[in-house]
Amino acid sequence: MTNNTRPKFLKPSLFDDGDRNAPTDSNKSAATIDRLNELESQHELVKFNANRDSSIQVQRQQLPIFKYRNQILYALETHRVLIVVGETGSGKSTQLPQYLLESGWTSSTKSICVTEPRRIAAINLAKRICDEKSFVLGEEVGFSIRFEDCHTPGVTRIKMVTEGLLIRELMQMPMLDKYSVIILDEVHERNTNTDILIGLLKKIMNRRDDLKLIICSATVDAEQIKLDRGPLISH
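Now for a look at the structure at hand. Only a predicted model underlies this, so the values are computations on that prediction, with no experimental measurement involved.

Thresholds, definitions, all that
- Residues numbered from 1 in each chain as written.
- Predicted model: local features only at pLDDT ≥ 70, side-chain atom pairs only at ≥ 80, totals over all residues.
- Heavy atoms only, no water.
- Core = buried A, V, L, I, M, F, W, Y, C linked by side-chain atoms within 4.5 Å.
- Buried < 20%, exposed > 50% of the residue type's maximum accessible area, 1.4 Å probe, protein only.
- Helix = DSSP H or I, 4+ residues; strand = E, 2+ residues; numbered from the N terminus.
- Contact = heavy atoms within 4.5 Å.
- Pairing = 2+ DSSP bridges.
- Axes fitted to C-alpha atoms, helices over the stretch in contact; angles between N-to-C directions.
- Parallel < 35°, antiparallel > 145°, perpendicular 65-115°, else oblique.
- Left-handed = near helix turned anticlockwise from the far one by under 90°.
- Salt bridge = Lys/Arg side-chain N within 4 Å of Asp/Glu carboxyl O.
- Nonpolar A, V, L, I, M, F, W, Y, C, P; charged D, E, K, R; others polar.

A word on the nonpolar core. One finds Leu 96, Leu 100, Ile 158, Met 160, Ile 183 and Ile 214 to be the most contacted residues of the largest nonpolar core, which totals 30 residues. The element contributing the most residues to this core is helix H5 (residues 119–133), with six residues. Ignoring any residue separated from it by four or fewer positions in sequence, one finds Ile 158 in contact with Pro 97, Gln 98, Leu 101, Ile 112, Val 114, Ile 129, Glu 140, Val 141 and Gly 142. Counting 23 residues, the second largest nonpolar core, distinct from the first, contains Leu 165, Leu 197, Leu 201 and Leu 211.

Moving on: the pairing of strand E2 (residues 111–116). Of all six residues that make up E2, six are buried, and the element is covered over most of its length. Burial of the side chains of E2 extends over both faces: Ser 111, Cys 113 and Thr 115 are buried on one face and Ile 112, Val 114 and Glu 116 on the other. Here E2 pairs with strand E6 (residues 179–184) via five bridges, running parallel. By the bridge assignment for E6, Cys 113 is matched with Ile 182.

Bringing unusual backbone geometry into the picture now. Not every positive phi belongs to a glycine, and Leu 176 is a case in point at roughly 50°. Residue placement: Leu 176 occurs in the loop between helix H6 (163–172) and E6. If you check the backbone angles, Glu 186 has positive phi at about 55° while not being a glycine. Relative to the helices and strands, Glu 186 is located in the loop between E6 and helix H7 (192–207).

Turning our attention to the packing of helix H3 (residues 69–78) against helix H4 (residues 92–102). Where H3 contacts H4, the axes come no closer than 11 Å and their chain directions differ by 65°. Put simply, H3 runs roughly perpendicular to H4. For the pair H3 and H4, the crossing hand works out as right-handed. Residues Arg 69, Ile 72, Leu 73 and Leu 76 of H3 pack against Leu 96, Tyr 99, Leu 100 and Glu 102 of H4.

Moving on to the pattern of salt bridges. Any two side chains of opposite charge can pair, on the condition that their charged atoms come close. Using the criterion set out here, one finds 10 salt bridges in the structure. Here Glu 169 makes a salt bridge to Lys 159, at a shortest N to O gap of 2.7 Å. Taken together, the residues span a long stretch of sequence, with Glu 169 in helix H6 and Lys 159 in strand E5 (residues 158–162) at a distance of 10 residues. Glu 169 gets classed as buried once you look at its relative accessible area, which sits at 11%. Here the salt bridges share partners, and the residues they tie into one network are Arg 60, Arg 69, Glu 102, Arg 128, Glu 132 and Lys 133.

Turning to its location among the elements, Asn 70 is positioned in helix H3. The class for Asn 70 is exposed, based on a relative accessible area of 57%. The spacing of Asn 70 and Tyr 99 is 29 residues in sequence and 9.0 Å in space, taken between C-alpha atoms.

Our next topic: the pairing of strand E1 (residues 81–85). In summary, the side chains of a regular strand alternate between the two faces of the sheet. Burial within E1 is extensive, with five of its five residues counted as buried. Of the two faces of E1, both are covered, the one formed by Val 81, Ile 83 and Val 85 as well as the one formed by Leu 82 and Val 84. Where E1 lies against strand E7 (residues 212–217), five bridges are found, and the strand directions are parallel. Note that in E7 the partner of Val 85 across the bridge is Ser 217.

Contact pair H6 / H7: the axes reach a minimum separation of 10 Å and the direction vectors enclose 40°. In terms of orientation, H6 and H7 fall into the oblique class. The way H6 lies across H7 gives a crossing that is left-handed. Packed against H6, whose contacting residues are Glu 163, Gly 164, Leu 166, Ile 167 and Leu 170, the element H7 presents Asn 193, Thr 194, Ile 196, Leu 197, Leu 200 and Ile 204 at the interface. For the contact of H6 with H7, the residue count by class is seven nonpolar, three polar and one charged.

Encoded structure:
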């Protein structure tokens, strides 16, 4: 995919146009990302929802990622690895699993696994998807973290887990046979568990032709991950 055809993920600036402390255009992107990371680390980030009075479905369609839904699904059909780069708030974490669910990527024996670097993120994302789809938490959508398991085998289609828990699952199920798609979310927060998972998944995909992998990141650092010559969808 050429640079000219790559979709653009856009989000409102953290700074008002009249803010004297706002960075210049050349530094705005880096400053915005740094500020988001700072707020997230301090748990002080509050996102304003301009469409809060609209229905859930309308709010989903207002997310930046929605206009590229078909493009993402087509890319996943034709490639084994897909890298999605979009800033915080673009809808990567909540919408991608739903797009896959709606497109028939799950069954009674196959589900979608989404990894998160933090436990609170795995829980909150599972709850949000349940709210959007009117599901009961622990049935069609669930989560598994250390010391807490909220999912139903054979029923759960989307499962949120921490990176460390997926590594533990690999010890019991080396080929991850019950997953059809694995989404590595927040890869820009790369840590030891992320590197271990990427290395193990690369070996698994050499033996499982039916396994799909989606890597999500808020920065273009995902381009440095060499797993396959899959398409890159970036902001």
